[in-house]
Amino acid sequence: MKPVLVLLVSTAWTLTGAQYYYQGLMDYLENRLLAIEDRMQFWHEQSIRFHTEMRDFKKLTAEAMDGLKNEHSLLQKDIERTVVQVDQVEREMDYVETRTSPRACASKADKVVEQGAWGLEENRGEEEEEDWEELYSRVSDCVEIISSIRSVKILKRVGSPKGMWTRDPRSSRVYVFNGTSGDSVSQFNSVRDFSGSVGLASSRQIRLPSEWSGPGSAVYNGYLYYIQHEADMDLQVVKYDLLSASVTDIAMFPVESHAAVYTLNPEIVVDLAADDEGLWLLYAAGDSEPNINLAKMDPATLDIEEIWDTRCPRDNAEAAFVVCGTVYVVYNTSPASRSRIQCVFDVNDMVINAEAPLLYFPRRYGSHASLKYNPEEKQLYGWDDGYQIIYRLTMKRKLLV
Ligand SMILES: *[C@@H]1O[C@H](CO)[C@@H](O)[C@H](O)[C@H]1NC(C)=O
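This structure is a prediction, so every number in the text was calculated from the model and none was measured. (Residues numbered from 1 in each chain as written. Predicted model: local features only at pLDDT ≥ 70, side-chain atom pairs only at ≥ 80, totals over all residues. Heavy atoms only, no water.)

Enquirer: I keep staring at the state of the cysteines and nothing clicks. Help me out?
Expert: Working definition of a disulfide: a covalent bond connecting the sulfur atoms of two cysteines. Overall, the coordinates contain 1 disulfide when judged by the stated rule. There is a disulfide in this structure between cysteine 312 and cysteine 343, and the S-S distance comes to 2.1 Å. One quick way to see it: the torsion about the S-S bond of cysteine 312 and cysteine 343 is about -85°, and its sign makes the bridge left-handed. In this pair, cysteine 312 sits in strand β14 (residues 304-313) while cysteine 343 sits in strand β17 (residues 340-346), placing the two residues 31 residues apart along the sequence. In terms of burial, cysteine 312 and cysteine 343 fall into one category: buried. (Disulfide = S-S within 2.5 Å. Helix = DSSP H or I, 4+ residues; strand = E, 2+ residues; numbered from the N terminus. Buried < 20%, exposed > 50% of the residue type's maximum accessible area, 1.4 Å probe, protein only.)

Enquirer: Would you explain the side chain of arginine 338 in this entry?
Expert: Tracing the backbone through its elements, the reader meets arginine 338 in the loop between β16 (326-331) and β17. From its side chain, arginine 338 meets the backbone oxygen of phenylalanine 361 in a polar contact 3.3 Å long. (Polar contact = N/O pair within 3.5 Å; in protein donor to acceptor, adjacent residues only side chain to side chain.)

Enquirer: Just to check I follow, could you spell out the site of the ligand for this structure?
Expert: Neighbouring residues of the ligand: Gly159, Ser160, Asn178 and Leu200. Side-chain polar atom of serine 160 to an oxygen atom of the ligand: 3.1 Å apart, as the coordinates give it. Contact distances for the ligand include 2.3 Å between an oxygen atom and a side-chain N or O atom of asparagine 178. Calculation on the ligand without its partners gives an accessible area of 360 Å², and the protein chains cover 39% of this total. Here the residues of the shell around the ligand sort into 1 nonpolar, 3 polar and no charged. (Near = heavy atom within 4 Å. Areas by Shrake-Rupley, 256 points an atom, 1.4 Å probe, with all protein chains shown as cover. Nonpolar A, V, L, I, M, F, W, Y, C, P; charged D, E, K, R; others polar.)

Enquirer: Got a minute to help me understand empty space enclosed by the protein in this structure?
Expert: Unoccupied space between atoms shows up once a probe the size of one water molecule is rolled over them. Per the stated rule, a full pass over the model turns up 2 cavities of 30 Å³ or more. In this structure, the largest cavity spans a volume of roughly 140 Å³. Lining the largest cavity are 19 residues, and of these Thr166, Ala273, Ala274, Lys372 and Tyr373 sit closest to its centre. Of all elements in the fold, only β3 (163-167), β7 (218-220), β11 (270-275), β15 (317-323) and β19 (368-374) reach the threshold of two or more residues within the lining of the largest cavity. Grouping the constituent residues of the lining of the largest cavity by class yields 13 nonpolar, 3 polar and 3 charged. Taken as a whole, the second largest cavity holds about 40 Å³ of empty space. Forming the boundary of the second largest cavity are Ser337, Ser339, Phe361, Pro362, Arg363, Arg364, Gly366, His368 and Asp384. Its residues assigned to classes, the lining of the second largest cavity shows 2 nonpolar, 4 polar and 3 charged. (1 Å grid on protein atoms, 1.4 Å probe; cavity = no way out; pocket = protein on both sides within 12 Å on 5 of 7 lines; lining within 4 Å. Points joined across faces, edges and corners; volume = space filled by probe spheres on them.)

Enquirer: Would you explain the sheet that holds β11 in this entry?
Expert: Here we have 4 strands laid out as an open sheet, ordered β11-β12-β13-β14, and antiparallel in their pairing. If you trace the sheet from one side to the other, it starts and ends with β11 and β14, each paired once. The mean inter-strand angle of the sheet, taken between neighbouring strand axes irrespective of direction, is 20°. The pairing of strand β13 (residues 291-297) with β14 spans 6 bridges and is antiparallel. Each residue of the ladder has a partner; that of asparagine 291, found in β14, is proline 313. (Pairing = 2+ DSSP bridges. Axes fitted to C-alpha atoms, helices over the stretch in contact; angles between N-to-C directions.)

Enquirer: Hey, could you run me through the pattern of salt bridges in this one?
Expert: In a structure, side chains of opposite charge can pair up when their charged atoms sit close to one another. For the structure on display, the rule yields 7 salt bridges. A salt bridge links arginine 167 to glutamate 377, with the shortest nitrogen-to-oxygen separation between them at 2.6 Å. Within this pair, whereas arginine 167 is found in strand β3, its partner glutamate 377 is found in the loop between β19 and β20 (379-384), the two being separated by 210 residues in sequence. Each member of the pair arginine 167 and glutamate 377 is classed as buried. The salt bridge involving arginine 207 is made with aspartate 183; its shortest N-O contact spans 3.3 Å. Of this pair, arginine 207 sits in strand β6 (residues 204-213) while aspartate 183 sits in strand β5 (residues 181-188), and the two are 24 residues apart along the sequence. What makes aspartate 183 partly exposed here is its relative accessible area of 30%. (Salt bridge = Lys/Arg side-chain N within 4 Å of Asp/Glu carboxyl O.)

Below, the structure written as structure tokens:
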């Protein structure tokens with residue numbers, strides 16, 4: 001009986017021991033689960049909080065973005081309005097300038113053609129051939145008129161505020177006349193040579209037998225035509241052969257007047273312009289004559305062929321040039337503002353002032369001391385306060401009436 005009891009007791013003890021053991025394990029697991037549950041609950045709450053915060057943040061940024069967008073569009077509108085106003089003021093100023101210049105021929109037309117963007121680059125090379133082709137079709141029937149000033153290129157700044165430069169269309173050589181008179185001319189082999197040079201030192205100096213007067217000379221087909229204006233002497237047109245370095249012809253100037261042809265450039269008594277049509281002289285018929293006169297001269301013999309009164313006033317004129325038998329007179333004010341072509345005269349009566357647009361040059365440093373047209377390149381060689389500038393022009397056909 002005793003071993004049975006011992007067995008029973010020991011079994012009971014073992015049972016209670018195991019029971020305790022499992023109970024402890026269960027408690028432990030339950031606690032762990034609770035802890036994990038707590039933690040999960042915590043993370044859940046945390047994520048909800050983050051979510052809410054995120055949503056609020058998004059809402060805030062969206063609101064801020066909307067605000068910014070509104071402000072931006074308001075600013076944009078303001079800028080647009082200001083641009084329109086500036087444009088208007090500029091037009092009004094130009095209009096007032098037009099009104100205040102005396103006897104402005106083209107102002108009757110009230111046509112204001114504004115050149116918007118001025119491309120500063122020049123597409124040389126590929127356009128050269130095209131230009132030549134255009135030239136050959138044009139020379140036989142010269143019926144072109146300037147429609148706009150396409151671009152401007154500032155080559156360099158050399159010499160005095162006044163002067164002139166030009167390029168012989170046949171030889172491509174560049175001739176620089178520094179100042180308003182002198183007995184020497186600087187010659188460069190090309191426009192590139194000129195723009196790459198330091199000052200005028202690297203050029204070839206051509207010494208003339210007499211002084212040229214006023215930046216009103218012309219170079220064409222290997223000849224230099226200049227005005228000789230010596231004290232107590234009549235004006236003379238000199239034809240100088242650049243190749244043989246000798247004077248080939250001299251002609252008396254047809255009028256006695258020594259009045260300036262453009263009142264804004266009083267040094268120029270006669271302005272010469274050469275093109276395929278011939279040699280042109282722009283001058284004043286007398287001190288009291290208000291208009292610019294035009295004479296056509298045979299470039300070979302220096303014979304005067306015909307004379308016209310252009311009806312373009314000398315007053316407030318700064319330069320003029322001839323394209324295809326049409327004189328374009330450029331006006332400005334003193335002090336200088338914006339140069340503009342404001343009077344045209346066509347020797348063939350095909351272009352009338354009302355048809356010719358009022359063309360503005362881009363706003364520049366000062367005023368033009370000279371503007372020389374090159375018919376082969378359809379560009380103007382300008383001298384503006386010591387800057388050498390090239391303006392490229394676009395053409396259109398004259399209206400045939
Ligand atoms: C241009 O001429 C002026 C005088 O008219 C002279 O002082 C100046 O040195 C000349 N410039 C050059 C580069 O020859």
